[in-house]
Amino acid sequence: MAEGGQQQAGAGAAKRSTLMPNYPSLPHRSGIVPGELSLPLSRDSVAAQHHPGDPSRCPSAALREAGARRYPLHALSVPNIPSSAHGKTPARSVPAAAAAVPTPEGLQSRRRKLLEEDGPVVQAGKRQRQRYVTKVGKCQVNLGNIQEKKRFLSDIFTTIVDLKYRWFLFVFMMCYIVTWVVFGTVYFFDAWVRGDVRHRGDPEWRACIENVDDFVSALLFSVESQRTIGYGSRMVTANCAEGVILLMAQSIVGSMIDALMVGCMFVKISRPKKRAQTLIFSKNCVISRRDEKLCLMFRVGDLRDSHMVDAKIRAKLIKSRQTAEGEFIPLEQSELNLGYDTGEDRLFLVEPQIICHVINRRSPFWDMSAESLRREQFEIIIILEGIVEATGMTCQARTSYTEDEILWGYRFEPCMSLEKGAFRVDYSRFEMTFEVQTPAASAKELHELKELERQEHSTLSLYWDHLLQPCAPPGTGPGEDALTGLSVPGSRDELPEREAAA
């Protein structure tokens, strides 16, 4: 039976090697099935082993063509969104039939280029990416061909506030200048119709507006009336009713413009967009093991002493995919769990926090390994929301991480220390990481390997107990019936009994 246990252990090891051919095995605690952790070769080591100058070591053209047919670049990820710019279409989206026939010189240069680079994985990593959200949180989405522009005029207040500062100041000044010129023109036209311009300097003439005899004087009277300056040389008299009505109308219009412009200016200045500049994120994500689980982690921090109230964080995965029916879904958004069910997504952001996403069965990274990470194409959007303590307004800070900004097998260095009477945060260590021993396999493969080792351990423990049974005192160990009931399902001893029962 001991030999049967060794055979099953050997079969389990063979199955484990079949399951994870290119990934290291986990360290074994029991010591029954020995295994040695071997990290994959880095890109630098692979490049060091490659000899472009030795023709005997270079792969043949037939092998390269066969590998290109078997592993095309467009199979590394879902197709890109078609670009509207001419001449910027990615090379992997161009069909092979539409490509021009290369010349022998082009073939030689292409062959040298392939020999100098590491392979299609490096080429895929060098391709330029269009980010959905920039590192500073700006969304790279342009809206075009909007037919109903009048919808923006129905919400004029939000439209003015959303303008850039140069256009906002232009609108601010033009509102006052236009009203001054319009009412100045009306005042001058009234003086010209009544004849006040022709009786300039006549002491016996009863003018509607005193000392308004040309357009410049009428414009000055309009500015003095709307801004309530009142120098005293120009004023409306009781000789005409239209002058009084015009003065009342200008006063009402000026008050409305003051209320609108001052309100827009206050809202635009006090917007919490600038508060997001003091909320910082780490430049890279890291993937390593935490509490025996594979986790994706990043760090957030607040540079101000006034803290964010009710800070919450969430993450979105932006990735294009193709359905089973052939439908292409560009930039599909899926949620990444940052502890919503346990309340870990609500932060007390006094010191820098390391946010953790556990890669489990519900995670979209469940079957992603260190090698497949290089071939993926996605973007993680991080959104941090909270209430500004000083103003009570809601603030939102955003950033993003692409697949080439994720470090596999790293952790963040601690940036807090204890001083006299308080803790000290060293933000110079905010971005620092260090390498740790992390399996290159996916979380799914690690889980399957752990289950396989658990089954092997229980099987070998059962055979070990059975081998030690003759050494036990009589009557202290389990009987033969108990051992028969504890036999491993599918063993050789059970097969004749099952056949007889059948």
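Rules behind the numbers
- Residues numbered from 1 in each chain as written.
- Predicted model: local features only at pLDDT ≥ 70, side-chain atom pairs only at ≥ 80, totals over all residues.
- Heavy atoms only, no water.
- Helix = DSSP H or I, 4+ residues; strand = E, 2+ residues; numbered from the N terminus.
- Buried < 20%, exposed > 50% of the residue type's maximum accessible area, 1.4 Å probe, protein only.
- Polar contact = N/O pair within 3.5 Å; in protein donor to acceptor, adjacent residues only side chain to side chain.
- pLDDT = per-residue confidence, 0-100.
- Contact = heavy atoms within 4.5 Å.
- Axes fitted to C-alpha atoms, helices over the stretch in contact; angles between N-to-C directions.
- Parallel < 35°, antiparallel > 145°, perpendicular 65-115°, else oblique.
- Left-handed = near helix turned anticlockwise from the far one by under 90°.
- Phe/Tyr/Trp six-rings, centres within 6.5 Å; stacked < 30°, edge-to-face > 60°.
- Lys NZ or Arg CZ within 6 Å of the ring centre and 35° of its normal.

A.B. asks: Which residues make up the environment of S320, and what are the values?
C.D. replies: Following the sequence through the fold, S320 ends up in strand β6 (residues 308–322). According to the relative accessible area criterion, S320 is buried, its value standing at 9%. Residues S320 and Q377, 57 residues apart in the sequence, show an inter-C-alpha distance of 8.4 Å. A distance of 3.0 Å separates the side chain of S320 from the backbone nitrogen of L331, its partner in a polar contact.

A.B. asks: If you had to explain the confidence of the model for the chain to someone new, which residues and values would you point to?
C.D. replies: Of all residues in the chain, 67% attain a pLDDT of 70 or more, and the chain-wide mean is 75. The weakest mean pLDDT in the chain belongs to helix α2 (residues 43–49) at 40; the strongest belongs to strand β13 (residues 410–412) at 96. Low pLDDT (under 50) marks residues 18–102, which in the prediction has 88 contacts with non-local residues, meaning those over four places away or in another chain. Counted against residues more than four places away or in other chains, residues 111–126, with its pLDDT under 50, gives 19 contacts.

A.B. asks: Outline unusual backbone geometry, supporting the account with residue identities and numerical values.
C.D. replies: Excluding glycine, a negative phi dihedral is what most residues carry, and trans is how most peptide bonds are arranged. The backbone of N145 sits at a positive phi, close to 55 degrees, despite the residue not being glycine. Turning to its location among the elements, N145 is positioned in the loop between α5 (120–126) and α6 (150–154).

A.B. asks: Let's hear about the packing of helix α8 (residues 165–194) against helix α9 (residues 215–226): which residues, and what values?
C.D. replies: With their axes 8 Å apart at the nearest point, α8 and α9 run at an angle of 125 degrees to one another. Viewed along their axes, α8 and α9 adopt a mutual orientation that is oblique. Handedness of the α8/α9 crossing: right-handed. Here α8 contributes Y176, T179, W180, V181, F183, G184, T185, Y187 and F188 to the contact with α9, which in turn contributes F215, A218, L219, F221, S222, V223 and Q226.

A.B. asks: Could you give an account of the packing of aromatic side chains, with specific residues and numbers?
C.D. replies: The tally for this structure, following the rule as stated, stands at nine aromatic pairs. Each ring, one from F188 and one from F215, has its centre 6.3 Å from the other, and the planes form 85 degrees; the classification is edge-to-face. Remark: F215 occurs in helix α9 and F188 occurs in helix α8; sequence separation between them is 27 residues. Classification of F188 as partly exposed rests on a relative accessible area of 25%. In this structure F215 comes out as partly exposed when scored by relative accessible area, which is 35%. An aromatic cluster of three or more residues is present, and its members are F172, Y176 and W180. K268 extends its terminal NZ or CZ atom over the ring of F168, reaching a point 5.9 Å from the ring centre. Its end group placed over the ring of F430, R299 keeps NZ or CZ at 5.6 Å from the ring centre.

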